[in-house]
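# A structural walkthrough
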Amino acid sequence: MKRKASRVAIYALLIIGALTMLLPFYWMIISAFKTPEQIAQMPPLWFPTSFRLDNFEYAMTYAAFGRYIFNSLLVTVCNMVCTMIITILAAFAFSRLSFPGRDVIFSIFLGFMMVPFELVAITNYGTIVQMGGLDSYAALIFPYTANVLYVYILRNFFLGIPNSLYHAARIDGASNFKYLTRIMIPVAKPALVTIALLNGIDTWNSFLWPMLIVNDPNMRTVTIGLTSFVQDAGIRYERLMAAACIVVLPMIVLFLFARKYIITAMARGGIKG
Amino acid sequence: MAMNIRLEHLRKEFAGTVALDDLSITFQSGKLTTLLGPSGCGKSTLLNLISGILPVSGGGIFFSDKEVTKLPPDKRNVGLVFQNYALYPHMSVCDNIAFPLEIKKVPKAKRRERAYELAQLLQISDYFERKPSQLSGGQQQRVAIARALAKEPDILLLDEPLSNLDARLRLEMREEIRRLQLKTGITTIFVTHDQEEALSISDYILLMRKGIIQQYGVPQELYDKPANSFVADFLGNPPINMFNVTVEGTDRLATEDGIVFHYPTGALEPGRKVQFGVRSEAFTVTDQADLGTPALVSNVFLNGKETLYLLQIGGQSVRATFNGSVRFGQGDTILVSVGGSHSHLFDAESGAVL
Amino acid sequence: MLKKKRKDRDYPLTPRTFGEPLLYLLPFLLIISIFMIYPIVTIFSSAFFENYDYLKGTFTGYGLDNFRQIFADPTFLASLRNTFFYVVTVVPISTALSLLIAVLLNQKIHFQAFFQFAYFLPMVTALIAVGVVWKWMYHYDYGIINFFLSCFGVEPVHWLEDPNVAPIALTIYGIWNKLPFTIILFLSGLQTIDEQYYTAARVDGAKSGLIFRRITLPMLSPTIALVMIINVINTSKVFNEVFALFNGKPGPAYSLYTMVFYIYENFYNRWNVSIACAAAIVLFLIVFALTLLQMGVQRRWDYR
């Protein structure tokens, strides 16, 4: 009996906690379907009366969220491709190739992880200004494609691949580059998925950097689009929530499908990040 | 056309320690040569120098007339089979075998065909589309060998290929490797620390110790005519019995506890201390009291085809096998004499055969 | 043994030169020099410039002037206080809650997928977007938080408008935000504890409370230390949360400056570059010290 009671208590606690965690998301979604009258209703309406899409339409047309989504997608995809290429090549050099001082040089780079991103971002803004790169896709994409944490994760994975595989490939006639593309990359798929997910989620959600770089409304990413929408549409919360949905829902969907991968990735990246 | 392998004054150092020094030897073309020796004797180092995985510190390596000393492994056209197989885990058996051909840009259909032939040769064609993780150890080893053969290498190198297999598979794969080698006629270097494996599989054996060649020859020669006490000790099962003895005239050897063997000592001066190596099969039972050495039977092991006796001669335990139908029980005292062909005298200091 | 070691050694197949590796490293080095090394050098040098004019690039000399200025600046001191308050409220509370939830989730329970989804979702969603949602939930007239309070007879609170309450609103959002990540770290820590200890303790008749105190807690203590340090590092960089809740301003009536917000404001809106850089170095030193602490803990953890 006592065991059963404690089981019930565990589930009760967990469910209360889970609902608390989900509450903001639920609140966001139902608010996005409400009419201006319903949004100001007290006590609040817990279920929408209809799935009216007016607020979404407004966000997509008047606030050009379509354009923002396109920008965010473009930046996220390009950033991911560049990051993967740069990370793979660097991790390969730091694990498989040998050059004088390799490990010392790498630990110096590891030290860079301590420098808060926010500080570097602010100075980099100055660099971009000098380069004349404000409001450009390049400025949104390239500056954060060399990530020491990702190189670190991948290098560790590469180091775990037996040397004999490398020797076998070299004897089979493969060059270093061929070995990297044909053997190492396919074998390292789990680590690459981890990095791609961490990077993709990070870029989509990134805020400070695009906020510094973007002035032109046409160049806004979804997060910037949302904050400027807040300035413009200030008190129309049903519209704001629709806009927030547009920013957040793609990640929710991604999380639904790749939950296990993302959780592993976060745990792996977490210790250092 | 099979190639021979010539090593000239080969030298290898690891961070200051010398692993191999001034090693010169020629491995015969089209033959299977075994590099044999205990752990750390330099046999794997030597193999890795030949394959190009390790750079040499000095000297030269030649495949027939072609110098390969400075060539990277991919330019030497050797096939190498690893102890842990080193199969590419994400590729099917077919792709593994065909990988060297893929690098050579052989058209896809052609390399599949070639891979299939090799798979048939190694009796793994039933698993052609499987991944390595779905195969047993023996099957993985067959894939590794097929892959090594796929590029039609001039030389096949095998680095302890059987040590990860269980006893039964080991025997099977040993025969398999020998069959393949005879069939293809490829110059083969086989590394092992298992003397029995070496004796059964090789055309030639190179026995090494601490980076130094102990003896090089056909297996029978190494067994019958060991160059020194280390060779005699390393080869043969049960291991050779060693006595520390003193020469007492032309046909007598005496141990420290006064046991006497009647054995021709040739021209050795009396009083010289030597090592007396006697293989188990060199003992015979005698009834001539004046020529025999007394021995106490302390244990009897039935071993299937023959019987192994553990004898007590003086204070020393000795292993002996006897021909014919002699039968003794535990506790019997018998007289034994030592026959000529599987017994040797070695210098007490250098171990060289006398 | 010896032989195995020798075999596993990393044999370089290519000569130890910079030639080929440099080709692989080139893109990485290029990006990191421009956007990581150069800014670090800039921050460290301009923090010591005196009378620095960012636009003209002129300065009169080197010195600690900027540091003297920021420590005399009430706004900077307030930002230190606010950041400190945020850290010391968010970290302990989220750590304790996460530990509880992680231990519960680590039991053999049903609906794992649902619970994982619920507890970990905030990890993947943009802080800035969820911040807007929280802003709506904190709404004085129509927010659900005041509605819930009214159910218990509590008067509505000016969460985001009252400078005395705003830090608490920020803290609550911060805790909600930090929970998922902390739970994940605890779960992976819990999974390293061998099941055998629990079995043995249960055979010995230990109750679950005792098992938690005598087995789980001690074995998890390195993880707890590590998690807390990581969270202190992360929370001391709080910025996006403030930006989202308060419409891009540092709290009601500029009362809720945090360190990063102070740096951002001085650099981006006021062009006080040397002041921003000096503040950045203070923040960097704090993070640096904490990271050293973290590495120390991690090393001890690894060798356990």
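This section reports on the structure supplied with the text. By convention here, each chain's residues receive numbers from 1 onward along its written sequence. Written order determines the labels here, with chains lettered from A and ligands numbered from 1. For a predicted model such as this one, the threshold for reporting local features is a pLDDT of at least 70, and the threshold for listing and counting side-chain atom pairs is 80 or more; totals across whole chains, interfaces and linings nevertheless cover every residue. With hydrogens and water stripped out, all remaining heavy atoms of the structure feed into the side-chain values.

Let us now look at helix α8 (residues 166-191) of chain C. Residues and elements named next belong to chain C. Spanning 26 residues, α8 covers 38 Å between terminal C-alpha atoms, matching the ideal 38 Å at 1.5 Å per step. Fitting one axis to the seven residues ending at a residue and another to the seven starting there, the bend at that residue is the angle between the two axes. For the purposes of this entry, the term helix denotes a DSSP run of H or I that reaches at least four residues, the term strand denotes a run of E that reaches at least two, and both are numbered from the N terminus. The largest bend along α8 measures about 35° and falls at L179, with the proline P180 one to four residues further on. Using a 1.4 Å probe on the protein chains alone, a residue whose accessible area is under 20% of its type maximum counts as buried, one over 50% counts as exposed, and one in between counts as partly exposed. Extensive coverage of α8 is indicated by the burial of 22 of its 26 residues. What a helix should span is 1.5 Å times the count of its residues minus one.

A separate point is unusual backbone geometry. Residues and elements named next belong to chain B. Each neighbour pair has its own omega, and for N237 with P238 the value is 0°, a cis peptide bond. If you check the backbone angles, S64 has positive phi at about 50° while not being a glycine. Structurally, the position occupied by S64 is in the loop between β4 (58-63) and β5 (66-67). Looking at S64, the relative accessible area reads 23%, which means it is partly exposed.

If you look at the biggest cluster of nonpolar residues, it comprises 244 residues, and the most contacted ones within it are A:F65, B:L7, B:L46, C:F28, C:Y119 and C:Y264. Looking at this core, the element that brings in the most residues is α8(C), giving 14 residues. In this structure, B:C94, B:L122, B:L158 and B:L162 belong to the second largest nonpolar core, which totals 33 residues. Only buried residues count toward a nonpolar core. Its members are Ala, Val, Leu, Ile, Met, Phe, Trp, Tyr and Cys residues joined through side-chain atoms within 4.5 Å.

For the rest of this paragraph, the subject is the interface of chain C and chain A. Contacts are residue-level and defined by heavy atoms, with any inter-residue pair within 4.5 Å sufficient. If you look at the interface, chain C gives 96 residues, while chain A gives 97 residues. Computed with a 1.4 Å rolling probe, the buried area is the accessible surface lost when two parts are put together, summed over both parts. When chain C packs against chain A, the two sides together hide about 9,000 Å² of surface, and 78% of this comes from carbon and sulfur. Should a side-chain nitrogen of Lys or Arg be within 4 Å of a carboxyl oxygen of Asp or Glu, the pair is scored as a salt bridge. Taken together, the links from chain C to chain A amount to 0 salt bridges. Any N or O atom pair separated by 3.5 Å or less is treated as a polar contact, with the protein-specific requirement of one donor-capable and one acceptor-capable atom, and with residues adjacent in sequence counted only for side-chain atom pairs. Here chain C is connected to chain A by 12 residue pairs in polar contact (both at pLDDT 80 or more). The biggest single contributor to the side of chain C that touches chain A is helix α2 (residues 19-46) of chain C, with 18 residues. Think of it as three bins: nonpolar holds Ala, Val, Leu, Ile, Met, Phe, Trp, Tyr, Cys and Pro, charged holds Asp, Glu, Lys and Arg, and polar takes everything else, Gly as well. Broken down by class, the residue content of the side of chain C that touches chain A amounts to 72 nonpolar, 15 polar and 9 charged.

This part takes up a nonpolar patch on the surface. Side chains of A:I15, A:L19, C:F111 and C:F114 sit close together on the surface and give an oily, nonpolar patch of about 400 Å² of accessible area. Mapping A:I15 onto the fold places it in helix α1 (residues 2-32). Accessibility expressed as a relative area gives 37% for A:I15, which makes it partly exposed. Like charges are joined within 9 Å and nonpolar side chains (Val, Leu, Ile, Met, Phe, Trp, Tyr) within 5 Å, but only among residues with over 30% relative accessible area and no salt bridge; these make up the patches. Using a 1.4 Å probe, the Shrake-Rupley method yields the accessible areas, and only the shown protein chains count as cover for residues.

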